[in-house]
Amino acid sequence: MYKKQECVAMLLAGGQGSRLYTLTEKTAKPAVRFGGKYRIIDFPLSNCVNSGIYTVGVLTQYQPLQLNEYIGNGQPWDLDRGQSGVMVLPPYQAKSGADWYKGTANAIYQNFNFIDRYSPDYVLILSGDHIYKMDYEVMLDFHKYNGADVTIAVMPVPLEEAKRFGIVITDENRRITDFEEKPEHPRSNLASMGIYIFNWDILEKYLTEDENNPESSNDFGNDVIPALLRDNRRMYAYRFDGYWKDVGTISSLWEANMELLGTDPEFNLYGDGTAPIFARNYALPSSYIDTGSKNIDSLIAEGCEIYGSIRHSVISTGCKVGKDALIEDAVIMPNTIIEPGVIIRNAIIGEGCTVRSGAVIGGAFREGEKRQISVVGKDHVIEANQVVKPGDVI
C-alpha cells in the first residue's frame, strides 16, 4: 500500500527532438547537455524537489538508455525515497498488447496505474525540454484558490511570435475562455508553457474519453483542452513572469546557454541559493586554467584544462582546450578535446568530440545578419585543418 500524495508529477521526456538534429541522434532530448554541467531534465526535476513534490514519473520513449542511466535511483535530486521518489516509465506490454506513446495525453493515460497507487488530489504535468526555475507549489495554491479543474501555466510572448505556441484567452479573472493551438492570427499573447495542474478525477475522466475517441490525436493541446472548454470546465491561467525557454531547436539551445553569461545574465543559475538546480556529480577535479590563456565572460565547468582563449562561451565538464585555440560564442559539451590552433565561433560541439589542430568551425557574426550556428554531433572527430562552415551540421 502506497502512502497518499497530495500531488504527483508526470514529466513527459519521450520526445525525439528531431529539431536538434545530430545532438539527439543518440540521446533523448531531455538528456542533452546544458550549461556546462547539467542536462535539460535537471531543471524540471529540481523544480519538483524545490516545490516539495517528491513523487515524479518520467515518461520516456525515444533513446531512453542514457536518460534512464542518468536518472538512476534519483539520489542527486533527493528523489530516492521509500514509497515515493522518481520512477522511469517507458511504454510496456499489457494484456491488450504493446503500444508506443501515441501523444502526450496517451502517454499519461498509459500510466494511470502509477498515478492511482498514490491516490493524489492533483496531477502536475510537465515537459522535459524546458529551461526555467519555477515554484509549482505557488501554482498549486493558485489552482486551489480558484477552485479550478485545470490550471495552465502561461507567459506573455511577443505577439509576432505567438503563432508558434498554444495561445490562451482569458477573462478579467484569468479564467480561460478559449484556447488556440498555434493560431495564424492570435487573439492573445499568453502562451501555454505546457505545464498543467489537473484535479486527478478530471484528468482520469477526460483522458479515458480521449482514448476512446478514434478521431483523437491524443494530444493535450489539440484534443483534451478543447474538450474541457466545450464542457465549460473551470480552467484558469497561472501567469509566470520568470525566465523560461523551450530548447527544442539548435538556435534556442545556443541562445539559452549564452543567456547564462555576463554579470547580469538573463537566466541566473546562482540566484539567491533558495532554489538550486541539482545534477549528477561526476566528482571531477577542479579545472586548470593556464597562465597563457585568456578567458572572458565564460562559464568553465569542473575537470577542464584550459590553455587557449575563451570568449563568451560555455565549456562543459572534462574538456581540454589547447594552446592558441580560440573559442568564441560557443557551447562545448563534456569530454571534448580542442587541440592547439583551433578556431570555433558560433557553434555547439557535442560531447566526446575531438577537434584536431588548425581546424576552423563556424564563423564570426555580423550585425544585421542572421546568426548561423554550426553543430558537431556527439563523438565526432574533426580532422586537422578541416573547415566546418557557418550553419553546417555534422
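All chains use their own residue numbering, which begins from 1 and follows the written sequence. It should be noted that, the model being predicted, local features are given only for residues of pLDDT at least 70 and side-chain atom pairs only at 80 or more, the latter also being counted only at that level, while totals for whole chains, interfaces and linings use all residues. Processing note: side-chain calculations cover all non-hydrogen atoms of the structure and skip hydrogens and water entirely.

This paragraph deals with the sheet that holds strand S22 (residues 320–321). Only strands joined by at least two bridges in the DSSP assignment are considered to pair. Starting at the N terminus, helices and strands are each numbered in turn, a helix being any DSSP run of H or I of at least four residues and a strand any DSSP run of E of at least two. With respect to topology, six strands assemble into an open sheet ordered S16-S19-S22-S24-S26-S29, the strand pairing being parallel. Bordering the open sheet on either side are strand S16 (288–289) and strand S29 (381–382), each of which pairs with just one other strand. Alignment of strand S26 (residues 354–355) against S29, held across two bridges, turns out to be parallel. Its bridge partner being in S29, Thr-354 is matched across the sheet by Val-381.

Before going further, it helps to spend a moment on the pairing of strand S23 (residues 326–332). Each residue is assigned to one of three classes by its accessible area relative to the maximum for its type, calculated with a 1.4 Å probe on protein chains only: buried under 20%, partly exposed between the two thresholds, exposed over 50%. In terms of burial, S23 is largely enclosed, as six of its seven residues are buried. When strand S20 (residues 309–311) meets S23, the two strands line up parallel, connected through three bridges. Its bridge partner being in S23, Ser-309 is matched across the sheet by Leu-326. Sheet topology note: the strand S21 (residues 314–315)/S23 ladder contains two bridges and is parallel. Its bridge partner being in S23, Val-314 is matched across the sheet by Val-331.

The buried fraction of helix H8 (residues 250–258) is high, at seven of nine residues. Within the span of H8, buried status applies to Ile-250, Ser-252, Leu-253, Trp-254, Ala-256, Asn-257 and Met-258. Tucked inside the fold, the buried residues of H8 contact strand S2 (33–34), strand S15 (244–246), S21, S23, strand S25 (343–349) and strand S28 (374–376). The contact criterion used is simple: two residues touch if any of their non-hydrogen atoms lie within 4.5 Å.

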